Amino acid sequence: MNKNTLLISLFLLVALGLRAQICHTSHFGLNNTTVTKIEETEYVNFHKPSARKNTYQFDAKGYVTQETFEYTGDNTPTVTQYIYDDNHTELTKQLMDEYGQPVKFFGKSGPYKIYDTPTGLLFDYPVVEKNAKGEVIKLKNEKKGMEKTLETKSNQLIYCYITENGIQKPEQVYDKNQRLLGTVQYNYPETYYSYENNVPVDNTYFISKLAFKYVYEFDGAGNWIQKMTFSALPTKKYQWELIAINTRIITYTDSKLNTKPSDVLHTLDVSKFDPIRKQYEANYTPTDVIDTNYFTQREAAFKKLLK
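Residues numbered from 1 in each chain as written. Predicted model: local features only at pLDDT ≥ 70, side-chain atom pairs only at ≥ 80, totals over all residues. Heavy atoms only, no water.

Caption draft 1: Broad picture of the environment of Gln66. Along the polypeptide, Gln66 turns up in strand S3 (residues 64-71). Sequence spacing of Gln66 and Arg248 is 182 residues, and the spatial spacing of their C-alpha atoms is 16 Å. Those residues in contact with Gln66 that lie beyond four places of it in its chain are Thr55, Tyr56, Gln57, Val79, Thr80, Gln81 and Tyr82. At 3.0 Å, the side chain of Gln66 forms a polar contact with the side chain of Gln81. (Helix = DSSP H or I, 4+ residues; strand = E, 2+ residues; numbered from the N terminus. Contact = heavy atoms within 4.5 Å. Polar contact = N/O pair within 3.5 Å; in protein donor to acceptor, adjacent residues only side chain to side chain.)

In structure tokens form, the structure reads like this:
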């Protein structure tokens, strides 16, 4: 595996890892949150295609009540029930078997305390510190060796310092709308996100000189139902290459807004995926050209934002 392939793989793993904190509609980047179900399918590894599907069901307050996970080659979905206390301040996850019964051994996790932080709802941090205003400023999971420190700077950006097993990770920077703007390591911008329609349209890894761009299709409620991820590598003369496809079938409380299954790709059968990939590339590949000034300009923009 070469360096560029490894970095792209890490990018996708990070994206998947962030999903571990999902428990509410606010975690889905929705403009319209009056939803009852989201079925999201992701297609990756186009040299040997694979697909995975997560289906989330929500209660009237927007909290996830059930998650179903499926992937290519597995005929048995994994179902997890999300159980809350009356005030939605505590969460317990219960794995269900194929007959709809709770798995008795190692099937339950939690309870997790849910905290409303400046970067959104978070759980799985047993130790929490708050400031005099009652705002969460530090979360710890000593068993997992994880810590998050949140600090609002004078520019009103929220800096999230992450420590895992004693090693400090790049700082995450959020705006007042809880959107991740980028990461900084040793005061040097590493990743910077650009937004349109409240969703990230591209980001760049400055150090490695990798660029990523997202192309979306939206439904009538303003929520994306198709997201195509493209990368541009220096070894390929910065030509955009499709590396992932995500689709969502969204069910709303107002059925007139519902996504029709025929509107988006959602099958787990990838045996004949190559023609589909080529069609997506033909329809969605960005036409903008990256030159050497692109990274310099993005870095300057992010540094200006941090002042």
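Caption draft 2: Looking closely at the nonpolar core. By size, the foremost hydrophobic cluster in this structure holds 30 residues, and its most contacted members are Tyr43, Met228, Ile245 and Ile290. If near-sequence neighbours (up to four positions away) are discounted, Ile245 is found in contact with Thr41, Glu42, Tyr43, Phe46, Lys227, Met228, Phe273 and Tyr280. Counting residues in each nonpolar core, the second largest holds 23 residues, with Cys23, Phe28, Phe58 and Tyr82 among its members. (Core = buried A, V, L, I, M, F, W, Y, C linked by side-chain atoms within 4.5 Å. Buried < 20%, exposed > 50% of the residue type's maximum accessible area, 1.4 Å probe, protein only.)

Caption draft 3: The arrangement of helix H2 (residues 274-284) in detail. Among all positions of H2, only Arg277, Tyr280 and Tyr284 are buried. Mapping the buried residues of H2 onto a view down its axis gives an arc of 60 degrees, with all of them on the same face. Summarising the geometry of H2, the exposed residues directed more than 90 degrees from the buried face are Pro275 and Ala282. Buried-residue contacts for H2 involve strand S18 (210-218), strand S19 (224-232) and strand S20 (241-252). (Arc of directions from axis to C-beta.)

Caption draft 4: Quick look at the packing of aromatic side chains. Tallied over the full model, the rule gives 15 aromatic pairs. Between Phe28 and Tyr56, the ring centres sit 5.1 Å apart and the planes meet at 75 degrees, which makes this aromatic pair edge-to-face. Taken together, the residues Phe28 in the loop between helix H1 (3-18) and strand S1 (35-44) and Tyr56 in strand S2 (residues 50-58) connect sequence positions 28 residues apart. This pair shows no difference in class: Phe28 is buried, exactly as Tyr56 is. Here Tyr192 and Phe302 contribute two aromatic rings whose centre-to-centre distance is 5.1 Å and whose plane-to-plane angle is 50 degrees, an arrangement assigned as tilted. A residue pair is termed long-range when its members are at least 10 positions apart, and Tyr192 in strand S16 (residues 188-196) and Phe302 in helix H3 (residues 293-306) qualify at 110 residues. (Phe/Tyr/Trp six-rings, centres within 6.5 Å; stacked < 30°, edge-to-face > 60°.)

Caption draft 5: Spatial organisation of the pattern of salt bridges. Counting across every chain of the model gives eleven salt bridges. With a shortest N-O distance of 3.8 Å, Asp288 and Lys213 are connected by a salt bridge. Remark: Lys213 occurs in strand S18 and Asp288 occurs in the loop between H2 and H3; sequence separation between them is 75 residues. Since its relative accessible area comes to 34%, Asp288 is described here as partly exposed. Through salt bridges with shared partners, a single network forms among Asp202, Lys213, Asp288 and Arg298. (Salt bridge = Lys/Arg side-chain N within 4 Å of Asp/Glu carboxyl O.)

Caption draft 6: Here's a closer look at the pairing of strand S14 (residues 171-174). On S14, burial covers both faces: Glu171 and Val173 on one face and Gln172 and Tyr174 on the other are all buried. Where strand S12 (residues 158-164) lies against S14, three bridges are found, and the strand directions are antiparallel. Considered in S14, the bridge of Cys160 is made with Gln172. Both S14 and strand S15 (residues 180-185) contribute to a ladder of four bridges, which runs antiparallel. Opposite Tyr174, over in S15, you have Leu180 as the bridge partner. Hairpin connection from S14 to S15: five residues lie between these consecutive antiparallel strands, with Gln178 at a positive phi of about 65 degrees. (Pairing = 2+ DSSP bridges.)

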